[in-house]
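Listed below are the residues making up each chain.
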Amino acid sequence: MDVITDSVLEQVAHDVVTCRRCPRLVEWREEAARRPPRRFAGCTYWARPVPGFGDPRARVMIVGLAPAAHGGNRTGRIFTGDRSGDWLFAALYRAGFANQPTSVARGDGLQLRDLYVTAVVRCAPPGNRPRSDERDNCLPFLVRELSGLPQARVVVCLGAFAWDGAMRALAELGHRMSPRPRFGHLAEAEIGPYRLLGSYHPSQQNTFTGKVTAAMLDAVFARARRLAGGQAPIESDCPGAGRT
Ligand code: SF4
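This text gives an overview of the structure that appears in the document. (Residues numbered from 1 in each chain as written. Predicted model: local features only at pLDDT ≥ 70, side-chain atom pairs only at ≥ 80, totals over all residues. Heavy atoms only, no water.)

**Points about the pattern of salt bridges**
What counts, and what does not: Salt bridges are defined as contacts in which a side-chain nitrogen from Lys or Arg sits within 4 Å of a carboxyl oxygen from Asp or Glu. Numbering of helices and strands runs from the N terminus; a helix is a DSSP stretch of H or I covering at least four residues, while a strand is a stretch of E covering at least two. Only protein chains enter the area calculation, which uses a 1.4 Å probe; residues under 20% of their type maximum are buried, those over 50% are exposed, and those in between are partly exposed.
For the structure on display, the rule yields 21 salt bridges. Between E188 and R223 there is a salt bridge; the shortest N-O distance is 2.5 Å. Pair noted here: E188 is in strand β5 (residues 188-191) and R223 is in helix α8 (residues 214-228), with a separation of 35 residues, a long-range link. You can call R223 partly exposed: its relative accessible area is 24%. Linked through salt bridges whose partners overlap, the residues forming this network are R135, D136, D164, R168 and R180.

Right under this line is the structure:
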């Protein structure tokens, strides 16, 4: 089963990084690489769609909005190299889902355990606002990732866009809830075999203003751990699990 699952996720990752379905986002992700801010001048950007990554045996999945133009779009790994990621991976480390508190580049030694991280949209959008047609173009990748994570039961949605995208992906898998549950911090919804768990996004705006605090993220991941059934299964603790 693990080999099959790994190959499903690898195929999804391959299809993601070669995708050019949304002309506006292709132009934006490549333009960001051509015109980096001064702090990233001289950096070689990924400038392609950013795949999900993590433990193929994960019981917990994190869904974000999209890569940041000078974060994931630069480093090639979601939530890596930007302020949101600084907050997120520090929280994941405290919760025991990550082996280190920072995520700065592919190949930096980060390993995720019992956790997979992805996004609704895989290309950096202007103003962090993908259009609905771009979301719909990209949604099949999330559906396939859910299918490729047979042990996933908890979907942590960072922000309302991710909450909506996760519900759309679950609907594609035949899991619907009516009326649709409302997003909120620590909001929960049981949809088919999955439990959706809402969290405010650790965006720079939210963390600067105190709308999101470290304690609030800790509460989310402690709850995710409980919903998943406690500590990660021992077989998930393998060398190299979720490394990218
Ligand atoms: S947003 Fe998704 S569907 Fe659109 S080009 Fe990027 S990877 Fe492809």
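**What to know about the packing of aromatic side chains**
The cut-off we apply is this: Two rings from Phe, Tyr or Trp (for Trp, the six-membered ring) form a pair when their centres are within 6.5 Å of each other. A pair whose planes differ by under 30 degrees is stacked, one over 60 is edge-to-face, and the rest are tilted. Cation placement over rings: the criterion is NZ of Lys or CZ of Arg within 6 Å of the ring centroid and within 35° of the ring normal.
With the rule as written, the count across this model stands at four aromatic pairs. Their ring planes at 35° and their centres at 6.5 Å tell us that F53 and F89 sit as a pair that is tilted. Here the residue F53 occupies a position in strand β1 (residues 53-54), and F89 occupies one in helix α4 (residues 83-95), the gap between them amounting to 36 residues. For the pair F53 and F89, one class covers both residues: buried. Consider the rings of F97 and F221, whose centres lie 6.4 Å apart with planes at 70°: the pair is edge-to-face. Pair noted here: F97 is in the loop between α4 and β3 (115-119) and F221 is in helix α8, with a separation of 124 residues, a long-range link. On the basis of relative accessible area, F97 is assigned to the buried category, the value being 0%. By way of ring pairs, the aromatic residues W163, F183 and Y200 are connected into one cluster. Note that R225 overlies the ring of F97, its terminal NZ or CZ placed 3.9 Å from the centroid.

The quantities given are spatial measurements derived from coordinates; they are silent on function.
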